[in-house]
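The residues making up each chain are set out below.
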Amino acid sequence: MSRKALAAGLVLAFAVLGLVLAGGGAATPEQQDDPFKVAFIYPGPHNDGGWSQSHDRGRLAIEKAFGDRVETTYKENVFSNAQVPQVVAGLVRDGYDMIFGCSFGMFENGVNGQLYAKYPKVLFEQATGLQVKKNQSEYFGAGEDTIYLSGIAAGAATKNGLIGYIVPFGIPEVVRHINAFALGAQLANPKARIRLIWTNSWFSPPKETAAAKNLIAAGVDVLGQNVDSPAAGVVAESKGIPWVGYDSDARKTAPKQWLTAAVYNWGPYYVKRVRAALNGTWKSGFYYGTIKDGFTSLAPYGSKVSAKTKALIAAKRRAIVAGKFSVFQGPIYDQKGKLVVPKGKTLKVLPDLYSMQWLAKGVIGKVSTVAPPG
């Protein structure tokens, strides 16, 4: 899909989303004696040490919460969204009542965007998208807040001011995370610069390893990431480079070089949504979790994070939770020095954060034009 087509799709999605949120309909599964069957589709392995594994912990939370009332399964390594219709068809044949698509666009783009209509009795939930229908919800959260906080740790750790950041695709989700990380790093070190390498893959340990090595060769002295595996942490540990992970607590990967990571707690949302489906109160909607509601948080700190840095992060966290600070409040300048968020203005989740395609001052690189596969 071209970037122009993706942008047009986002505009249409904003309009449709507003209509649905104004009066979202209810979809309830039929009452039955058999277990309610819930499936998950992961873009990587269920034990990837990152994104997919964090979702799988949420799946296990469902099993713990409901026992024999619910049966769960997962399909892993669905690297291309083009595979999703076939995967969903198989799950429907096997009697699954509710399907969580754990990656951007799984139930949204192209033919995938019609799955809700093809299977009207199935409850669809998609992580990190915009399409909301009577039997399809969207869910994610303010990962930018905790990524900003993790960026503070990176900014405090750099000695030469050059931080490497490994990123997957140039979609707004990733772009706002890059900018949040950069702004956090620059709070701790105003001269910090963020050098990007795009892997054009959600999960690819070989590409992530190569990216980490290339960034170190380019002179970075701290690594961060928005990709799914802890492969960069292995490189960081071997090279003595501090490392900020993403989406899972991966301290064991780099015990000496670990700083922290923005992490997601999917379990409470999954349990809540399955409970609603079981009792017939499930309604479609758009969920955007926060630090305050426990959806996103920081992983434990490594030994390289000083008491001073922890105090700075704690102060910013309190301000975010209290509503006294927003990561994307002005003034903010882009790479070319243009004022993109004036003083006194704060960007909104919709449409601003979900359509972001500019990079902040101090970020080295361009937005990748490669769209997620499928």
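We now turn to the structure provided with this report. Since the model is a prediction, treat every value here as computed from it, not as a measurement.

1. Let's talk about the environment of Arg69
Then comes step 1: For Arg69, the position within the fold is in the loop between α2 (51-66) and β2 (70-75).
Then comes step 2: Excluding anything up to four places from it in sequence, Arg69 contacts Pro35, Phe36 and Leu278.

2. Regarding the pattern of salt bridges
Then comes step 1: Evaluated as defined, the whole model comprises six salt bridges.
Then comes step 2: Salt-bridge contacts for Arg59 lead to Asp56; the nearest nitrogen and oxygen are separated by 2.7 Å. Taken together, the residues span about one helical turn, with Arg59 and Asp56 both in helix α2 at a distance of three residues.
Then comes step 3: For Asp56, a relative accessible area of 6% corresponds to the buried category.
Then comes step 4: The residue Arg176 makes a salt bridge to Glu144 at a minimum N-O spacing of 3.5 Å. Of this pair, Arg176 sits in helix α6 (residues 172-188) while Glu144 sits in helix α5 (residues 143-157), and the two are 32 residues apart along the sequence.
Then comes step 5: On the basis of relative accessibility, which here comes to 1%, the residue Arg176 falls in the buried class.
Then comes step 6: One continuous salt-bridge network, built from bridges that share partners, spans Asp56, Arg59 and Glu63.

3. Details of the pairing of strand β6 (residues 162-167)
Then comes step 1: For β6, the tally of buried residues reaches six of six residues, placing the bulk of the element in the interior.
Then comes step 2: Across six bridges, β6 lies against strand β7 (residues 193-198) in parallel orientation. Paired with Ile166 across the strands is Ile197, a residue of β7.
Then comes step 3: Regarding the hand of the β-α-β motif, the stretch spanning β6, α6 and β7 is right-handed.
Then comes step 4: Looking at chain direction, β6 and strand β8 (residues 222-225) are connected through four bridges and run parallel. Pairing of Ile163 across the sheet is with Val222, part of β8.

4. A short note on the environment of Ser204
Then comes step 1: Considering the arrangement of structural elements, one finds Ser204 in the loop between β7 and α7 (205-217).
Then comes step 2: The buried category is assigned to Ser204, whose relative accessible area is 13%.
Then comes step 3: Here the alpha-carbon distance between Ser204 and Tyr301, two residues 97 residues apart in the chain, equals 26 Å.

Rules and cut-offs
Residues numbered from 1 in each chain as written. Predicted model: local features only at pLDDT ≥ 70, side-chain atom pairs only at ≥ 80, totals over all residues. Heavy atoms only, no water. Helix = DSSP H or I, 4+ residues; strand = E, 2+ residues; numbered from the N terminus. Contact = heavy atoms within 4.5 Å. Salt bridge = Lys/Arg side-chain N within 4 Å of Asp/Glu carboxyl O. Buried < 20%, exposed > 50% of the residue type's maximum accessible area, 1.4 Å probe, protein only. Pairing = 2+ DSSP bridges. Right-handed = clockwise from strand over helix to strand, strands pointing away.

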